[in-house]
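Next come the chains, spelled out residue by residue.
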Amino acid sequence: MKKLKSTLLALVVLATLTMCSKTEAFGDESAINNPVLENEKLTVDPSSIESELIELVNDHRASVGASTLVVSSSSYVHAKDHNDYMISKNKLSHDNFEARANKIATEIDAIQVSENVARFYTSAEGTLEGWLDSDSHKNTLEGDFTHTTLSVQLDKQGRPYFTQIFMKVEAQ
C-alpha cells in the first residue's frame, strides 16, 4: 500500500510538470513540485493572487536590475483562454503558444512573447518561488520584457491554474 501511494504521488508530480516557452525556442521542461495534490480542495481568490503575483514579479525584477513590467490588459484574454484550455485538458501545457504569441504580437506590436504556466499553487509567493526554482521560468521572469499579463483561473475543484505572458514592446 505504501509503495502504491509513493507511485501515485510520483505520477501526480510528473503529471504536473511546469514549463515555460519563448518564441525563439521552448525552454527546458523541469518539474516544479506543486504544493497541493490533485484531489485536495482549495479556497483561493484568483483576482487577489493575480495582483499580488504581478507585484511580486515586479519586485523581484527590480531586485535583479530588470525593468518593472507594465500590465497589458488587452492581452489578458489570451492568458485566460489558455487557462481555460489547460483546465479543460486537466494538464499544464503550452499548446497553441505560437498562435497565441502571434495574436498578441499583432495586437500590441510586441517583438517578443514568452509565458510561464503553473497550477495548484495556493499563493502568489508559492508560485513565484516555484518559478524562481526553475532555471527556464526564472530566465523568462527576469527576461528583457516590457509588458505582462497574468490570469489565474480555478478548475471545478477550486484549484488554480496560472498563465503569465511576458511581452517586449519597443518604444515608439
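Heads up: these notes are all about the structure in this document. (Residues numbered from 1 in each chain as written. Predicted model: local features only at pLDDT ≥ 70, side-chain atom pairs only at ≥ 80, totals over all residues. Heavy atoms only, no water.)

### Some points on the pairing of strand S5 (residues 160–169)
Selection criterion: Per-residue accessibility, obtained with a 1.4 Å probe over protein chains only, is compared with the maximum for each type, and a residue is labelled buried under 20%, exposed over 50%, and partly exposed between these values. Counting from the N terminus, the helices are DSSP H or I runs at least four residues long and the strands are E runs at least two residues long. Two strands qualify as a pair provided that DSSP identifies no fewer than 2 bridges between them.
Here S5 lies mainly inside the structure; 10 of its 10 residues are buried. Because side chains alternate across S5, one face comprises the buried residues Pro160, Phe162, Gln164, Phe166 and Lys168, and the other comprises Tyr161, Thr163, Ile165, Met167 and Val169, equally buried. Across nine bridges, strand S3 (residues 110–119) lies against S5 in antiparallel orientation. Within S5, the position partnered with glutamine 112 by the bridge is lysine 168. Relative to S5, strand S4 (residues 147–154) is paired through eight bridges, and the arrangement is antiparallel. Each residue of the ladder has a partner; that of serine 151, found in S5, is threonine 163.

### Looking at the environment of aspartate 59
Locating aspartate 59 in the fold gives a position in helix H2 (residues 46–63). Take aspartate 59: its relative accessible area is 45%, and that puts it in the partly exposed class. Sequence separation between aspartate 59 and leucine 69 is 10 residues; the distance between their C-alpha atoms is 9.9 Å.

### Describing the pairing of S4
Of all eight residues that make up S4, seven are buried, and the element is covered over most of its length. Bridge count between strand S2 (residues 70–71) and S4: two bridges; the pairing is parallel. Residue pairing across strands places valine 70 opposite histidine 147, the latter belonging to S4. A loop of five residues connects S4 with S5, the two strands running antiparallel in sequence, and glycine 158 in this loop sits at a positive phi of about 80 degrees.

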